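Take a look at the letters that make up each chain.
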Amino acid sequence: MGYLQLTYFFADDMFLFCNGDRRNVRRIMQTLAEYQISSGQTVSGVKSKCFVGGTTQFKKEAIAGDCNMQLESFPDKYLGVMLFSGRVKSTHIWGDPRSRKLVTLKWEKVCVPFKEGGMGIRSLEVINKALLMKLIWKIQQGNDEWVLFFHAKFKMKNGEWITYHKQSSIWTGMKWVMSEVKIHSRWIICDGEDISVWNDAWIKEKALSNLFPENDYIQLHKNQKISSLIINNEWNIPSEMLNFFGIQELPVIDGRKVILILEWFNIWQILCCFYSSVHKSSTLWSWICNVFKFSNPTSFQDVLGMANYKISVIKELWIAAAFIILR
């Protein structure tokens, strides 16, 4: 008792970690001796190594003697992988710049997965960006008290994010990834009260204001919402707007609630959630067609052709849903 012991197994090798108190070391050696007697296997002292830190050289050698192992120090190599004490530093990967003139591996390469030729070290920048994007996504989708607080603090009355400086420990990071979240997000049209006609991607791959910058008509109606174009769950499009998109591009209206879908969100999981809520029966096609506002298909060609004139996210969801039913 009184010490923390961690054990890691690698094939037929083993790493043992413990407090450097010699009594603890002797207990471990006693346990290993009992294991050898009961299993018939032998621990090779010649192939084993002992690493000791945080004490004098005399005590290090004494502990190594108790272990009957060779005393080693970091860095060391195991199965072709360099082992270091503490956190990985640039000199561990590239070597000491005072003694080596060439950088053998770029940091971008270091962060590439093993299967792609890198070292598999996760980039803190990428992790930070992913967490910030997840935070923004929760703020956009949630209605908890903390979400409402963020809306009040970082959004204007028209629903757009503020553009001026705000004293906050996370606002700078949120602004860093906000544009990327917006670029890769798509709206599914419902009541349209929260969707900007010009600043949100709802009919094209990008927002119309980005596709038609400095357009006079857009500037005159810059605060217009999708809800102003919907009457009795049907589109009512002014002729002036047909200069920006075609009638055939208009998505299906679902008047129940607003849905925002992130482009890289796992579509399979979305459809599995739909699927789990309905028993597989003769009414399944009717149910899924009602979700997408399609008529029931009579052939495989109908399945493939029904979403031809829909935006890409609707088309992908429909094809995935149909294939789940057909599987």
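Up top you'll find the structure we're talking about.
Since we're looking at a predicted model, the values are computed, not measured.

**Quick word on the nonpolar core**
- Judged by nonpolar contacts, the single largest core of 19 residues is most densely connected at Trp198, Trp202, Ile226, Met241 and Phe245.
- Setting aside residues up to four positions removed in sequence, methionine 241 forms contacts with Val197, Trp198, Tyr217, Gln224 and Leu229.
- Formed by 15 residues, the second largest nonpolar core is a distinct cluster that contains Val303, Ile314, Ala321 and Ala322.

**Looking at the pattern of salt bridges**
- Applying the stated criterion across every chain yields a total of six salt bridges.
- Arginine 23 is paired through a salt bridge with aspartate 21; the nearest N and O atoms lie 3.2 Å apart.
- Overall, arginine 23 belongs to the exposed group, its relative accessible area being 56%.
- Judged by relative accessible area, aspartate 21 falls into the partly exposed class, the value being 28%.
- A salt bridge links arginine 26 to aspartate 66; the nearest nitrogen and oxygen atoms lie 4.0 Å apart. Pair noted here: arginine 26 is in helix H1 (residues 22-39) and aspartate 66 is in helix H2 (residues 57-67), with a separation of 40 residues, a long-range link.
- In this structure aspartate 66 comes out as partly exposed when scored by relative accessible area, which is 25%.

**With respect to H2**
- Those residues of H2 that fall on the buried side of the exposure criterion are Lys60, Ala62, Ile63, Ala64 and Cys67.
- In the stretch just after H2, asparagine 68 is the one whose phi turns positive, near 55°.

**Looking at the packing of helix H5 (residues 124-141) against helix H7 (residues 171-183)**
- Where H5 meets H7, the closest approach of the two axes is 9 Å, and the angle between their N-to-C directions is 75°. The angle between the axes of H5 and H7 places the two elements in the roughly perpendicular class. Here Glu125, Asn128, Lys129, Leu132, Met133, Leu135, Ile136, Ile139 and Gln140 of H5 lie close against H7, whose contacting residues are Gly173, Met174, Trp176, Val177, Met178, Glu180 and Val181.
- Across the contact of H5 with H7, the residue classes tally to 10 nonpolar, three polar and three charged.

**Overview of the environment of phenylalanine 245**
- Here phenylalanine 245 lies in the loop between strand S9 (234-235) and strand S10 (259-262).
- By relative accessible area, which is 4% here, phenylalanine 245 ends up buried.
- Residues phenylalanine 245 and isoleucine 203, spaced 42 residues apart in sequence, show a C-alpha to C-alpha distance of 7.9 Å.

**Remarks on the packing of aromatic side chains**
- Per the counting criterion, the structure on display carries 14 aromatic pairs.
- Ring geometry for tryptophan 161 and tryptophan 171: centres 6.1 Å apart, planes at 35°, overall tilted. Taken together, the residues tryptophan 161 in the loop between helix H6 (145-154) and H7 and tryptophan 171 in helix H7 connect sequence positions 10 residues apart.
- Members of the aromatic cluster, connected to one another through ring pairs, are Trp146, Phe149, Phe150, Phe154, Trp161 and Trp171.

**Brief notes about the packing of H1 against H2**
- Where H1 contacts H2, the two axes come as close as 9 Å, and the packing angle between them is 20°. If you check the angle between H1 and H2, you find them roughly parallel. Like other packed secondary-structure pairs, H1 and H2 cross with a definite hand, here right-handed. Together, Arg22, Val25, Arg26 and Met29 of H1 and Ala62, Ile63, Asp66 and Cys67 of H2 make up the contact between the two elements.
- Here the residues of the contact of H1 with H2 sort into five nonpolar, no polar and three charged.

**Some remarks on a nonpolar patch on the surface**
- Where nonpolar side chains cluster on the molecular surface, the patch consists of Phe300, Leu304 and Phe323 and spans about 270 Å² of accessible area.
- Mapped onto the fold, leucine 304 is located in helix H12 (residues 300-305).

Calculation notes
Residues numbered from 1 in each chain as written. Predicted model: local features only at pLDDT ≥ 70, side-chain atom pairs only at ≥ 80, totals over all residues. Heavy atoms only, no water. Core = buried A, V, L, I, M, F, W, Y, C linked by side-chain atoms within 4.5 Å. Buried < 20%, exposed > 50% of the residue type's maximum accessible area, 1.4 Å probe, protein only. Contact = heavy atoms within 4.5 Å. Salt bridge = Lys/Arg side-chain N within 4 Å of Asp/Glu carboxyl O. Helix = DSSP H or I, 4+ residues; strand = E, 2+ residues; numbered from the N terminus. Axes fitted to C-alpha atoms, helices over the stretch in contact; angles between N-to-C directions. Parallel < 35°, antiparallel > 145°, perpendicular 65-115°, else oblique. Nonpolar A, V, L, I, M, F, W, Y, C, P; charged D, E, K, R; others polar. Phe/Tyr/Trp six-rings, centres within 6.5 Å; stacked < 30°, edge-to-face > 60°. Left-handed = near helix turned anticlockwise from the far one by under 90°. Patch = residues over 30% accessible without salt bridge, like charges linked within 9 Å, V, L, I, M, F, W, Y side chains within 5 Å. Areas by Shrake-Rupley, 256 points an atom, 1.4 Å probe, with all protein chains shown as cover.

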